[in-house]
Amino acid sequence: MTLKKVNPDLEKERSTCTFNIEELTNLLDTGAHCTAERRAVEDKVFSVKELKDEIPDEFLSHKERYENAIRKSVFLHKVLQETGVKRGVYNRSDKSDFRTTYYSIFKDGSPFMLQYSMFVPTILGQGDSEQVELWYKRALNMEIIGTYAQTELGHGTFIRGLETEAVYDEKTEEFILNSPSLSSYKWWPGGLGHTTNYCIVMAQLKIKGKPYGMQPFIVQIRDEETHMPLPGVKVGEIGAKLAFNTVNNGFLGFEHVRIPRRHMLMRFSQVSKDGKFTSSANPKLAYGTMVMVRVTIVNSAATYLSRAVTIAIRYSAVRHQSKLKQNEPEPQILDYVTQQHKLFIGIATSHAYMFCSYWLWDVYVMYQKEQNVGNFDRLPELHALACCLKVISSSDCTGLVEKCRMSCGGHGFMMSSNLPQLYGISTATCTYEGENTVMLLQTARALVKAWELGSRGRPFSPTMSYFAEKNVPSKWDSSLEGILNAFQKVSIGKLSSSVSSLQEYTKSGLSAEDAWNKASVQLIGAAEAWGRAVVLSIYKSEIERYGQTVSPALKSVLFDLVELYYVHLTLEKMGDLLLYTQLSEKDVVSLRKKYEDLLEKIRPNAIGLVDAFDYRDEVLNSTLGSYDGFAYERLMTEAMKSPLNAEPVNQSFHKYIKPLMKGKL
Ligand SMILES: CCCCCCCCCCCCCCCCCCCCC/C=C/C(=O)SCCNC(=O)CCNC(=O)[C@H](O)C(C)(C)COP(=O)(O)OP(=O)(O)OC[C@H]1O[C@@H](n2cnc3c(N)ncnc32)[C@H](O)[C@@H]1OP(=O)(O)O
Ligand SMILES: Cc1cc2nc3c(=O)[nH]c(=O)nc-3n(C[C@H](O)[C@H](O)[C@H](O)COP(=O)(O)OP(=O)(O)OC[C@H]3O[C@@H](n4cnc5c(N)ncnc54)[C@H](O)[C@@H]3O)c2cc1C
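Description of the structure in this document. (Residues numbered from 1 in each chain as written. Chains lettered and ligands numbered in written order. Predicted model: local features only at pLDDT ≥ 70, side-chain atom pairs only at ≥ 80, totals over all residues. Heavy atoms only, no water.)

As a further point, take the site of ligand 2. Near ligand 2, the surroundings consist of 19 residues, among which Tyr148, Thr151, Gly156, Thr157 and Glu435 are the closest. Interatomic distance of 2.9 Å between a backbone N/O atom of Tyr148 and a nitrogen atom of ligand 2. Here Gln150 contributes a backbone N or O atom positioned 3.0 Å from an oxygen atom of ligand 2. When the free accessible area of ligand 2 is taken as 970 Å², the share hidden by the protein chains comes to 63%. In terms of residues, the shell around ligand 2 owes the most to one element, helix H12 (residues 436-455), which gives three residues. Its residues assigned to classes, the shell around ligand 2 shows eight nonpolar, nine polar and two charged. (Near = heavy atom within 4 Å. Polar contact = N/O pair within 3.5 Å; in protein donor to acceptor, adjacent residues only side chain to side chain. Areas by Shrake-Rupley, 256 points an atom, 1.4 Å probe, with all protein chains shown as cover. Helix = DSSP H or I, 4+ residues; strand = E, 2+ residues; numbered from the N terminus. Nonpolar A, V, L, I, M, F, W, Y, C, P; charged D, E, K, R; others polar.)

Here it is in structure tokens:
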């Protein structure tokens with residue numbers, strides 16, 4: 001069978017695009033030079049034959065998958081080192097990075113992930129200059145491979161409840177690490193099982209019997225030559241999971257393991273030789289790596305979604321099913337408006353969180369600069385933003401990734417579509433780095449505090465400044481500005497009513513803690529509403545800013561998506577808006593019409609918009625989403641890779657089925 005170069009359906013779709021795809025790619029990459037650099041890295045990475053899988057991962061055993069992931073991680077590290085890639089995690093001079101390229105080599109994650117994403121960043125963020133000099137170089141050269149070991153069997157969320165101890169022994173100038181119970185065993189760290197030989201251990205510091213809270217320690221757990229666990233170290237893998245099965249998440253226990261005093265990372269808090277503890281300027285600085293990772297999750301969530309929506313929209317353009325009009329051929333499923341409703345919001349949401357992630361990264365960098373000169377004023381706002389945006393980006397994007405999978409019907413259920421794996425790694429972001437409900441409650445804590453201080457005349461931080469506005473009813477306004485104001489009213493309304501409930505509960509005799517718990521469903525609603533107002537505001541202002549520099553054709557499409565995002569959210573959150581604003585049934589009717597018009601307007605650009613994400617086939621790793629659109633041919637080719645198809649009759653027929661058929665079992 002000779003194939004055309006591109007499925008005619010996709011050819012037709014590409015001919016209707018109204019904007020310059022390359023221009024949008026450059027914008028999403030944060031600059032043409034970033035696109036060029038990313039493509040150069042991809043050219044190099046995807047030309048390495050050792051990084052290709054001969055047998056799909058799904059057909060390997062757990063052990064083989066791990067060994068394959070290690071083999072590829074090593075080759076990939078070498079290639080990235082040769083191409084000079086250090087950014088992405090350590091030296092981000094701009095916002096684009098190579099995570100997506102990196103991830104695409106592993107459908108289910110790399111056992112080195114935590115080395116790059118948390119081990120090295122913790123050394124850089126929590127070590128003093130001498131410690132950074134020593135450990136960073138060793139880690140960069142992969143002389144040591146590490147992870148971030150914080151969560152324990154008994155506690156993940158409640159860090160103050162962690163049990164692993166680091167007791168200072170002044171005589172030997174060492175810390176003694178100990179796991180006093182089963183529940184104190186570290187549980188979850190990526191790569192910990194059989195990959196890493198060092199790790200950052202978050203442990204309760206004790207000096208002369210007195211506790212000094214959680215501190216980070218760098219601990220060797222395996223011999224650098226033999227890789228055998230060191231004496232007193234109990235380490236292994238935690239087993240199969242919903243996703244990340246090649247990440248080698250592990251458990252770890254200590255039986256009185258001694259480490260030198262200087263293995264406590266001492267940028268913020270110090271322990272002197274004679275056991276004197278010097279506290280950091282702010283005890284929450286020890287949680288700094290988590291803040292950084294939460295900030296980066298917003299971008300990860302957006303990229304998981306952009307990959308899923310690229311697959312689903314390309315497939316929807318080549319898939320024909322049912323009839324729209326009886327006398328016409330079966331239409332592309334993308335012509336069904338319900339399909340557009342499922343998918344176009346995925347493009348807009350991905351843009352919204354991508355542009356927000358760039359903005360949030362700038363806020364984070366600015367805060368780091370202030371922190372370096374001892375100014376911690378913005379820490380509560382940064383903490384609230386990192387928590388809340390991590391939550392809504394991860395939950396929205398995961399929900400939409402799953403929607404993409406379902407929108408592909410049965411074929412979306414195939415592992416070879418890569419949609420199930422994308423769902424798996426995406427849904428993990430709702431749990432790791434702070435479980436989402438808990439993170440919303442942290443956000444609410446900051447909001448309630450700001451609200452109470454504000455009512456006593458203290459100024460609000462920039463993302464809360466609208467709290468100061470009087471909540472006077474005004475006529476509904478369906479412009480972008482009007483919708484943004486409406487969502488800010490929802491945010492104010494939910495927060496003020498949560499605060500009133502807290503006050504009523506305490507007045508009725510409940511303790512502050514019980515009142516908080518009783519009102520917590522309202523509180524997470526208020527936190528989410530604030531996050532929504534932030535995202536709406538930042539997405540719009542960033543597109544207004546970029547709109548000044550891009551071509552009119554691109555500007556118009558970018559605003560179609562912003563409008564779609566705004567109107568979609570308005571219709572989704574209609575209940576809240578009816579409660580807190582002047583939205584009427586008539587407004588809803590006209591918004592529905594506007595939404596339907598926007599779907600129609602975006603339709604000719606759907607393929608152009610997903611092409612602009614610029615995911616090579618190797619990155620998408622999907623039978624359904626390839627650039628050429630030959631989904632059925634790829635599904636069949638991949639099916640033929642199943643080991644069961646290597647022989648016409650499986651031996652189990654002779655062993656079991658035939659005896660059953662013959663009544664001889
Ligand atoms: C050379 C070649 C190089 C090659 C390079 C290759 C490049 C490319 C490769 C890249 C590939 C990598 C891909 C990476 C992808 C990313 C994958 C990431 C993987 C991550 C895996 C997951 C890891 C983890 O999950 S680690 C564990 C995370 N754990 C948590 O998040 C725990 C959650 N719990 C908490 O955070 C806390 O306990 C909390 C906040 C719930 C409560 O804490 P508390 O101590 O009890 O505090 P509380 O009393 O409630 O509040 C006190 C006070 O403090 C404030 N607070 C709390 N936290 C913070 C904070 N972090 N910062 C600031 N302030 C904080 C809180 O608000 C209170 O304030 P007040 O109200 O004022 O008192
Ligand atoms: C794929 C993956 C990778 C991970 N990698 C790492 C790693 O590399 N290093 C590491 O240290 N950890 C890692 N973790 C652990 C992760 O950080 C924790 O699982 C996460 O922080 C949630 O904590 P938990 O498991 O204790 O959940 P729990 O806190 O037990 O949550 C269970 C339920 O209790 C609720 N709950 C808990 N506390 C409260 C509260 N105060 N108020 C209201 N509800 C509450 C939660 O909302 C949730 O519904 C990883 C986890 C996953 C899934």
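That was the structure; now back to the text.
Residues in contact with ligand 1 amount to 32 residues; listed here are only the nearest, Thr157, Lys284, Arg294, Arg445 and Lys449. Measuring from an oxygen atom of ligand 1, one finds a side-chain N or O atom of Tyr287 at 3.0 Å. Within the complex, the protein chains bury 88% of what would otherwise be the 1500 Å² of accessible surface of ligand 1. Contributing elements (two or more residues each) for the shell around ligand 1: helix H4 (62-82), helix H5 (99-104), helix H6 (113-126), helix H8 (288-318), helix H10 (379-407) and H12. Residue classes in the shell around ligand 1 are distributed as 16 nonpolar, nine polar and seven charged. Both of domain 1 (29-110) and domain 2 (145-280) provide at least three residues apiece to the shell around ligand 1. (Domains from an automatic or database assignment.)

The next thing to look at is the layout of surface pockets. Estimates place the volume of the second largest pocket at around 730 Å³. If you go around the second largest pocket, you meet 34 residues; those closest to its centre are Asp53, Asp617, Glu618, Asn621 and Glu638. Of all the elements in the fold, those that place two or more residues in the lining of the second largest pocket are helix H3 (32-46), H4, helix H20 (617-620) and helix H21 (631-639). Counting residues per element, the lining of the second largest pocket draws most heavily on H4, which supplies four residues. A breakdown of the residues in the lining of the second largest pocket according to their chemical character gives ten nonpolar, ten polar and 14 charged. (1 Å grid on protein atoms, 1.4 Å probe; cavity = no way out; pocket = protein on both sides within 12 Å on 5 of 7 lines; lining within 4 Å. Points joined across faces, edges and corners; volume = space filled by probe spheres on them.)

With the rule as written, the count across this model stands at 44 salt bridges. When the shortest N-O distance is used, the salt bridge between Arg138 and Glu224 registers 2.7 Å. Taken as a pair, Arg138 in helix H7 (residues 129-140) and Glu224 in the loop between strand S6 (210-220) and strand S7 (233-237) lie far apart in primary sequence, 86 residues in all. The residue Arg314 makes a salt bridge to Asp611 at a minimum N-O spacing of 2.8 Å. Note that Arg314 is positioned in helix H8 and Asp611 in helix H19 (residues 606-611), a separation of 297 residues in sequence. Like Asp611, Arg314 is buried. (Salt bridge = Lys/Arg side-chain N within 4 Å of Asp/Glu carboxyl O. Buried < 20%, exposed > 50% of the residue type's maximum accessible area, 1.4 Å probe, protein only.)

The subject of this paragraph is the packing of H12 against helix H15 (residues 520-547). Two elements in contact, H12 and H15, have axes separated by 8 Å at closest approach and are oriented at 80 degrees. Classed by the angle they form, the pair H12 and H15 counts as roughly perpendicular. On H15, the residues that touch Thr437, Leu440, Leu441, Thr443, Ala444, Leu447 and Val448 of H12 are Ser520, Leu523, Ile524, Ala526, Ala527, Glu528 and Trp530. For the contact of H12 with H15, the class distribution of residues is ten nonpolar, three polar and one charged. (Axes fitted to C-alpha atoms, helices over the stretch in contact; angles between N-to-C directions. Parallel < 35°, antiparallel > 145°, perpendicular 65-115°, else oblique. Contact = heavy atoms within 4.5 Å.)

Position of His351 among the secondary structure elements: in helix H9 (residues 337-372). With a relative accessible area of 0%, His351 lands in the buried category.

This part takes up the pairing of strand S8 (residues 250-254). Most of S8 is tucked away, with four of its five residues classed as buried. Relative to S8, strand S4 (residues 186-187) runs antiparallel, the two being bridged by two bridges. Considered in S8, the bridge of Trp187 is made with Phe251. Inspection of the sheet shows S7 paired to S8 by five bridges, in the antiparallel sense. Across the sheet, Val233 pairs through a bridge with Phe254, a residue of S8. (Pairing = 2+ DSSP bridges.)

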